[in-house]
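Observations on the model geometry
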Amino acid sequence: MKRKVTLKQIAKELDVSISTVSKSLRNSLEIGEETRLKVQAFAKFYNYKPNNIALSLKNRKTKTIGIIIPEIVHHFFSTVINGIEQVANEYGYSVIICLSDDSFDKEVLNMELLANGSIDGFIMSLSKETQLKGDFHHITEVINQGMPVVMFDRVTNDILCDKVIIDDKSAAYEAVQSLIDKGKRKIALVTTVDYVSVGKLRTDGYTKAILDNNIPFDENLIIKIEDIDTCEIIIGKLLEDKAIDAVFAVNELFAVTCIKTASKIGLSVPEDFAVIAFTDGIISKYSTPTITTVSQNGIKMGNKAAKMLIDRLELEEDEEENYKTEVIETHLIERESTN
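The shown structure was predicted, so the numbers you read here are calculated from the model rather than taken from an experiment.

About the criteria used
- The written sequence of each chain sets the order in which its residues are numbered from 1.
- In view of the model being predicted, local features appear only for residues whose pLDDT reaches at least 70, and side-chain atom pairs are presented and counted only at 80 or more, with totals across whole chains, interfaces and linings using the full set of residues.
- Each side-chain value is derived from all of the structure's non-hydrogen atoms; neither hydrogens nor water enter the calculation.
- At least two bridges found by DSSP between two strands are what make those strands a pair.
- Segments assigned H or I by DSSP are reported as helices when at least four residues long, segments assigned E as strands when at least two residues long, and all are numbered from the N terminus.
- Note on geometry: axes are C-alpha line fits, over the in-contact stretch for helices, and angles between N-to-C directions span 0 to 180 degrees.
- Whether two residues are in contact is decided by their heavy atoms: any pair within 4.5 Å suffices.

1. What about the sheet that holds strand 5 (residues 162-166)?
Within the open sheet, the six strands sit side by side as 2-1-3-4-5-11. Their pairing is parallel. Two strands in the sheet have a free side with no partner beyond their single neighbour: strand 2 (94-99) and strand 11 (325-328). Adjacent strand axes in the sheet meet at a mean angle of 20°, parallel and antiparallel pairs treated alike. Note that strand 3 (residues 121-124) and strand 4 (residues 149-152) share three bridges and pair parallel.

2. Digging into the environment of Met 124
For Met 124, the location among the structural elements is in strand 3. Met 124 sits 13 residues away from Met 111 along the chain, and the two C-alpha atoms are 9.9 Å apart. The contact partners of Met 124, leaving out residues within four places of it in the chain, are Ile 68, Glu 107, Met 111, Ile 139, Val 149, Val 150, Met 151 and Phe 152.

3. Things to note about the sheet that holds strand 6 (residues 187-192)
Judged by pairing direction, the sheet is mixed, and its six strands sit side by side in the order 7-6-8-9-10-12 without closing on themselves. Pairing within the sheet leaves two strands with one partner each, and these edge strands are strand 7 (222-225) and strand 12 (331-333). Strand-to-strand, the axes of this sheet are offset by a mean angle of 20°, without reference to chain direction. Helix-sheet contacts for helix 10 (residues 197-212) involve strand 6, strand 7, strand 8 (246-249) and strand 9 (274-278), and the interaxial angle to strand 6 is about 165°. Against the sheet, helix 12 (residues 252-264) contacts strand 6, strand 7, strand 8 and strand 9, and its axis sits at roughly 160° relative to strand 9.

Rendered as structure tokens:
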């Protein structure tokens, strides 16, 4: 079985530019007949299937960046978008934003919609369903056609591209350790289902902190929530049935739901139990009580993602592709929920 080749590989093998390969495969008269036939023969031998939509991308710059995010309800994603726009505008780029609604099909459709020549590259955070399926063919396809992708927050090791993340495991460990340092021993975790990469890493950090401090590990104190609409019922059951003294939530929506549910059943934060959450958003600052958070610095993450993509777009065609993973620092912001 012959290996699958990309536009870039054909260009390298034949010592021509990607643009020349693209035009040759479309039989453009701008390219001499000898070169055209040579490119077409090579592509046919390796069973190269051109994506006619993607082939046009190298021939014109739109100065537009496509952003795909899983949801807009999280303050974190809106701050990342702000960060992307700051840098994009500085370099003369516009942005188009699409929501996947945590759906694999919608993520694929968004990529197909934007990869019709509307944009030059993607910045994206994977949907829950894409991570569950482990199917990244749509991302591989646009990368293979020469369109750069930068992933942030929810990423996968299965795709070679630039990434911007925080050290979720380490940040979670430090948050839980801060609760332990305050004398908390019965610490519950309210997290996402395991196939969401950030939820899994934050769960790992929580578990490590518990074990490192010789606290008995209780699986019953870990609540994994798939649907935000039903989380109040699940959290209510946790608070009623378990004698806990702290909750570590992987996002601020889970944290504020814990506080609201506690109030309904006659418990109060931080008197009966402390709460720490990820994402330093508006909810954390204005809830009652205000919530201690791990700050993810979405603005800085967006700035970095946009700069990495623009740098990639402005690379010379023959430059080496050394993909980078940038780690944004986090810090704990102490508020009333842990006092």
